[in-house]
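Architecture at a glance
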Amino acid sequence: MISEPATPVGTAVRDTVRDRIGLVVGHQGPYLQLRPLSGGREWDVDPARVEPVGSEELLRARVAEANARSRQGSPG
């Protein structure tokens, strides 16, 4: 039986259950561990429930997070 290759650490993916983009920061048991692009609390997701994020979508997500931080007055 050949297993699917693990999604590499550092890869940006969309969690289709939560509709959130995160960076893969690790693998724990059968799950991927994702962290928000701007940092913060990690969450676990089933690898079958993620999809790759293209460079344009990743850029849009990063800009949206930067804009949200600036509206909140958070340093970034």
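Owing to the predicted nature of the structure, the values given are computational and were not obtained by experimental measurement.

1. A closer look at the overall build of the chain
On a plain count of helices and strands, the chain comes out with one helix and five strands. Along the chain, helices and strands appear, N-terminal first, in the series β-β-β-β-β-α. Across the 76 residues in the chain, those meeting the buried criterion constitute 25%. Considering only contacts within the chain whose residues lie at least 6 apart along the sequence, 30% involve residues at least 24 apart.

2. Focus on the sheet that holds strand β5 (residues 50-52)
Remark on secondary structure: sheet strands pair via backbone hydrogen bonds, oriented parallel or antiparallel. On the basis of which strands lie adjacent, the open sheet formed by five strands has the order β4-β3-β2-β1-β5 and antiparallel pairing. Bordering the open sheet on either side are β4 (43-45) and β5, each of which pairs with just one other strand. Here the average twist between neighbouring strands, direction ignored, is 50 degrees. With four bridges joining them, strand β1 (residues 12-15) and strand β2 (residues 20-28) adopt antiparallel strand pairing. Looking across to β2, one finds that Asp 15 is bridged to Arg 20.

3. Topic: the pattern of salt bridges
Where side chains of opposite charge bring their charged atoms close, a pairing between them can arise. For the structure on display, the rule yields five salt bridges. One salt bridge in this structure joins Glu 51 and Arg 14, with 3.9 Å as the shortest N-O distance. One end of the pair, Glu 51, is in strand β5; the other, Arg 14, is in strand β1, and 37 residues separate them in sequence. Judged by its relative accessible area of 16%, Arg 14 is buried. One network of salt bridges, with partners in common, ties together Arg 14, Asp 19, Glu 51 and Glu 57.

What counts, and where the lines are drawn
Residues numbered from 1 in each chain as written. Predicted model: local features only at pLDDT ≥ 70, side-chain atom pairs only at ≥ 80, totals over all residues. Heavy atoms only, no water. Helix = DSSP H or I, 4+ residues; strand = E, 2+ residues; numbered from the N terminus. Buried < 20%, exposed > 50% of the residue type's maximum accessible area, 1.4 Å probe, protein only. Contact = heavy atoms within 4.5 Å. Pairing = 2+ DSSP bridges. Axes fitted to C-alpha atoms, helices over the stretch in contact; angles between N-to-C directions. Salt bridge = Lys/Arg side-chain N within 4 Å of Asp/Glu carboxyl O.

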